[in-house]
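Next come the chains, spelled out residue by residue.
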Amino acid sequence: MIWQQLQSLAGSYPLALRGLGMTVMLSLISLVLGTLLGFGLGILRTGGNQLISGLIGAWVDLIRGTPFLVQIFLIFFILPEFGIELDAFTAGIIALTNLAACFICEIVVAGIRSVPTGQVEAALASGLSRWQRMRQVVLPQAMRIVLPPLVGQYVLLIKDSSVVSAIGLTDLTRVGWLVVQRVPNGLLVFFLVGVGYFIVCYPLIMLARRLEQRMGAAHGEVQL
Amino acid sequence: MLENFSFRTIVEYLPLFGQGLITTVWLSALSFVGALIVGIVLCAMNLQRGWLFRVPAKAYIDAVRATPLLAQLYFLYFGLPRLGFVLPELVVGILALSLNSGAYIAEIIRAGILSIPRGQVEASVASGMTYVQRMRLVVLPQAFKVTIPPLLGQAIVLVKDSALLSLISVAELTRAGQLLASDRFMPAEGFLTIAAFYLLLYYGLKGLAGVSSRWLGTAGART
Amino acid sequence: MTTTGLAKTGMIDFRGVNKWFGSLNVLKDITLSVEPREVVVVCGPSGSGKSTLIRCVNGLEAIKNGDLVVDGQRLGDPATNMTQLRTEIGFVFQSFNLYPHKTALENVTLAPIHVRKIPRAEAEKAGRELLAKVGLADKVNAYPAQLSGGQQQRVAIARCLGMRPKIMLFDEPTSALDPEMISEVLDVMVAVAEEGMTMMVVTHEMGFARKVAQRVVFMDAGAIVESGTPDEFFSHPKTDRSRAFLSKILRH
């Protein structure tokens, strides 16, 4: 019986690969877009314009305060009411990018705020423009604080991408769900699904840990 | 646009939302207690010197952290019956949330314990305390304070994660929204309403975190 | 192994003790005996191994080879109950290491109550007396963060005395203090010494050494370079290294 199941699972091999491909693709695209957007929002948030900063803060709070599943439903089912027709893939990308951007924004803000004011003052005194100050002085120093949680955020993003299976995208989790209807061995099927995610996520977790240790050592702090 | 947005339907469905909200709250609370137990046990295992307990604990924590909750939920939902455990969806959901959050809580507690300065341990060693006395009298009381804020953060994550239980048809808050969306084909009314309820819980817990950190802050004046 | 067979022992007996951190020989062939009621001041440049030396006495650091016998018990011997032995040894840290979540009194009574199993009321009575003795009768209920460095260190000394130790070890007890707080701590240490406590004190406070120490031990690069009475050591240092060291610390 197990043998039959394994055979049947082996038959799902192309489907599984497609699912893994979908997961990686979704994550990768929204990771890149989310990082760009997140840095932009973070820089704007610390930029000194109260209104912009407040609006970004409120938006980030809204996104942090609601389940990702609900966000996906809102985007997928409600945007069409505004005349924006979305396929599931685009809806997934939008939802994931927005989520990533909001969390990364917070990480970037924390990083920028960690840079001592003396650094900004020194840059001001030497006549650097606002953008130059950010680009040459603040961001490079902020990166030490930003990098470890940023990588950690990527792991969360990849895992959150599993939730888009709820609107029918055939990602790795959805493949598991499809296969388990045919091969009724949930333990085995979702163990294999887990292995798929593990292969993608675990190296990133290790990287985040390494970075944390390195940054900690660079700062002379005790790290965990 | 949302010109047909029907507040009347929302009001009509309010009892359903209310019930969903209550279910979300108590199942999250129960899962959090479960997660605390799982976390404490894992952390105790993880802090052992011998590999016998430490390695399995580490492997478990890594496995949980490197895979999505939804996959873990399906693993239990489709897998447990195969082992002969046919449990109600709600129980499977609480189990999944506890086992998942437990791994994160184990790391939070570990970080709290490791944040206690070495000198504190040395001082208690020097006064002849045993390992258990050191933990109970010196390390844990101090670690407790450090872990409260991140634990509340984890509680927020857990409440949001509980929305996934709607996918195995647990009648919690998100499920209520889905029902309204599909029964009346009113997704805006359904999902915006539950989003508002989740925000209520979020700001509630966030407020609690603020209060606790102020309280710990005044207590921290002692540290 | 018991102490029988060992020749006459002091309160603390180092015999050919060695210790490495990795490939670094931090204690080189240390032989030193501290008699009961004796006060020994250990000094030397930073990195000379002086802190490591006293941290070995209560087992905060383990020795590699040689014999270290404290109060008749050989360290590293399976028969030696380290936890028990540590209750006989008070240790005062450079950074105080008071428990931040406990009041001054609770800091003093914690180990007596839980380790010595002294009834709470009795321990608190003794604790109040000890805090009064170090001049902090009015700070009994203060938390460490509400105390100055000098006050914290005096609480730390009271905390050790609360265990009624036979030996007290001081690891640079005043070097984390602002200058105006040093004397209040040294005064307490002098009082403890004058009551006949066996003490090993790592410090550069030469006034303290002259006043109460029977012996000054000078260490450099992990070895004991010179040892003698305070007068001998300060007035007639025998080696170049001790002369260089003294000229540096006496300059300010």
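None of the values given here were measured: they were computed from a predicted structure.

**Here's the deal with the overall build of chain A**
Moving on, step 1. A tally of regular secondary structure across chain A gives nine helices and zero strands.
Moving on, step 2. In chain A, the succession of α and β elements from N to C terminus is α-α-α-α-α-α-α-α-α.
Moving on, step 3. With the C-alpha coordinates of chain A rotated into their principal frame, the extents come out at 75 × 50 × 25 Å.
Moving on, step 4. Classification of the 224 residues of chain A by burial places 46% in the buried group.
Moving on, step 5. Restricting the contact set of chain A to residue pairs at least 6 apart, pairs at least 24 apart contribute 77%.
Moving on, step 6. For chain A, the accessible area works out to roughly 10,900 Å², and carbon and sulfur atoms hold 67% of it.
Moving on, step 7. The averaged location of the 10 negative side-chain charges in chain A is 9 Å from the averaged location of its 14 positive side-chain charges.

**So, empty space enclosed by the protein**
Moving on, step 1. Applying the stated criterion to the full structure yields three cavities of 30 Å³ or more.
Moving on, step 2. In this structure, the largest cavity spans a volume of roughly 100 Å³.
Moving on, step 3. Along the walls of the largest cavity sit Ala123(B), Ala126(B), Ser127(B), Ile89(C), Gly90(C), Phe91(C), Phe93(C), Arg159(C), Cys160(C) and Met163(C), which together make up its complete lining.
Moving on, step 4. With three residues, strand 6 (residues 89-92) of chain C is the single largest residue contributor to the lining of the largest cavity.
Moving on, step 5. Looking at the lining of the largest cavity, its residues break down into seven nonpolar, two polar and one charged.

**Digging into the confidence of the model for chain C**
Residue and element names in this part refer to chain C.
Moving on, step 1. Summarising the model, chain C shows a mean pLDDT of 90, and 96% of its residues fall at 70 or more.
Moving on, step 2. Least confident of the elements in chain C is helix 9 (residues 240-251), whose mean pLDDT is 85; most confident is strand 8 (residues 198-202), at 96.
Moving on, step 3. Within the model, the stretch residues 1-6 combines pLDDT values under 50 with seven contacts to residues more than four positions away or in other chains.
Moving on, step 4. Confidence estimates for the predicted assembly give a pTM of 0.82 and an ipTM of 0.89.

**Some remarks on the interface of chain C and chain B**
Moving on, step 1. Taken together, the contacts link 25 residues of chain C with 21 residues of chain B.
Moving on, step 2. Around 1,900 Å² of area is buried between chain C and chain B when both sides are counted, 60% of it from carbon and sulfur atoms.
Moving on, step 3. Together, Tyr99(C), Pro100(C) and His101(C) form the three largest contributors to the area buried by chain C at its contact with chain B, with a combined 28%.
Moving on, step 4. Here chain C and chain B share one salt bridge between them.
Moving on, step 5. The partner of Arg55(C) in a salt bridge is Glu122(B), and the shortest N-O contact between them spans 2.5 Å.

**Some words on the nonpolar core**
Moving on, step 1. In terms of nonpolar packing, the biggest core is built from 125 residues, with Ile112(A) and Phe17(B) touching the most fellow members.
Moving on, step 2. Looking at this core, the element that brings in the most residues is helix 5 (residues 88-114) of chain A, giving 16 residues.
Moving on, step 3. One finds Val39(C), Ile182(C), Met197(C) and Phe234(C) within the second-largest nonpolar core, a separate group that totals 49 residues.

**Comments concerning the confidence of the model for chain A**
Moving on, step 1. A residue-level look at chain A finds 96% of positions with pLDDT of 70 or above and a mean pLDDT of 87.
Moving on, step 2. The low-confidence segment residues 219-224 of chain A, where pLDDT is below 50, has nine contacts with residues more than four positions distant or belonging to other chains.

**Comments concerning the sheet that holds strand 3 (residues 39-43) of chain C**
Residue and element names in this part refer to chain C.
Moving on, step 1. Ordered by their spatial adjacency, six strands build an open sheet running 6-7-8-3-9-10, and the pairing between neighbours is mixed. Where the open sheet ends on each side, the last strands, each with one partner, are strand 6 and strand 10 (223-228). Averaged over all pairs of adjacent strands, the angle between their axes in this sheet comes to 15 degrees, without regard to strand direction.
Moving on, step 2. Inspection of the sheet shows strand 6 paired to strand 7 (residues 167-171) by four bridges, in the parallel sense. Among the inter-strand pairings, Val92 is bridged to a residue of strand 7, identified as Phe170.

**Observations concerning the interface of chain A and chain B**
How big an interface is tends to be reported as the loss of accessible area on association of its parts.
Moving on, step 1. Counting residues at the interface gives 43 residues for chain A and 39 residues for chain B.
Moving on, step 2. The contact between chain A and chain B buries some 3,600 Å² in all, and 72% of this surface belongs to carbon and sulfur atoms.
Moving on, step 3. For the pair chain A and chain B, the interface holds two salt bridges.
Moving on, step 4. Salt-bridge contacts for Lys206(B) lead to Asp61(A); the nearest nitrogen and oxygen are separated by 3.1 Å.
Moving on, step 5. At the surface where chain A touches chain B, the tally comes to nine residue pairs in polar contact (both at pLDDT 80 or more).
Moving on, step 6. Of all the secondary-structure elements, those providing two or more residues to the side of chain A that touches chain B are helix 1 (2-11), helix 3 (50-64), helix 4 (68-78), helix 7 (130-160), helix 8 (172-182) and helix 9 (186-219) of chain A.
Moving on, step 7. Here the side of chain A that touches chain B takes 12 residues from helix 9 of chain A, the largest share from any one element.
Moving on, step 8. For the side of chain A that touches chain B, the residue count by class is 28 nonpolar, 10 polar and five charged.

**Regarding the sheet that holds strand 5 (residues 73-74) of chain C**
All names here are of chain C.
Moving on, step 1. Within the open sheet, the four strands sit side by side as 2-1-4-5. Their pairing is antiparallel. The open sheet terminates on both sides in strands that have one partner only, identified here as strand 2 (24-34) and strand 5.
Moving on, step 2. Across two bridges, the pairing between strand 4 (residues 65-70) and strand 5 is antiparallel. In the sheet register, Val70 faces strand 5, and the bridge partner there is Gln73.

**Thoughts on the environment of Ser212(B)**
Residue and element names in this part refer to chain B.
Moving on, step 1. When you line up the elements, Ser212 lands in helix 9 (residues 187-220).
Moving on, step 2. In the structure, Ser212 is positioned 21 residues away from Phe191 in sequence and 31 Å away in space, judged by C-alpha atoms.
Moving on, step 3. When residues no more than four places from it in sequence are discounted, the contact partners of Ser212 are Ile148 and Leu152.

**What about the side chain of Arg215(C)?**
All names here are of chain C.
Moving on, step 1. With respect to the helices and strands, Arg215 occurs in strand 9 (residues 215-220).
Moving on, step 2. Using a relative accessible area of 17% as the deciding quantity, one classes Arg215 as buried.
Moving on, step 3. At a separation of 2.5 Å, a polar atom in the side chain of Arg215 contacts the main-chain carbonyl oxygen of Ser33.
Moving on, step 4. A distance of 3.0 Å separates the side chain of Arg215 from the side chain of Glu38, its partner in a polar contact.

Parameters at a glance
Residues numbered from 1 in each chain as written. Chains lettered and ligands numbered in written order. Predicted model: local features only at pLDDT ≥ 70, side-chain atom pairs only at ≥ 80, totals over all residues. Heavy atoms only, no water. Helix = DSSP H or I, 4+ residues; strand = E, 2+ residues; numbered from the N terminus. Buried < 20%, exposed > 50% of the residue type's maximum accessible area, 1.4 Å probe, protein only. Contact = heavy atoms within 4.5 Å. Areas by Shrake-Rupley, 256 points an atom, 1.4 Å probe, with all protein chains shown as cover. Lys, Arg positive; Asp, Glu negative; His and termini not counted. Charge placed at Lys NZ, Arg CZ, Asp CG, Glu CD. 1 Å grid on protein atoms, 1.4 Å probe; cavity = no way out; pocket = protein on both sides within 12 Å on 5 of 7 lines; lining within 4 Å. Points joined across faces, edges and corners; volume = space filled by probe spheres on them. Nonpolar A, V, L, I, M, F, W, Y, C, P; charged D, E, K, R; others polar. pLDDT = per-residue confidence, 0-100. Buried area = accessible area lost by both parts, 1.4 Å probe. Salt bridge = Lys/Arg side-chain N within 4 Å of Asp/Glu carboxyl O. Core = buried A, V, L, I, M, F, W, Y, C linked by side-chain atoms within 4.5 Å. Pairing = 2+ DSSP bridges. Axes fitted to C-alpha atoms, helices over the stretch in contact; angles between N-to-C directions. Polar contact = N/O pair within 3.5 Å; in protein donor to acceptor, adjacent residues only side chain to side chain.

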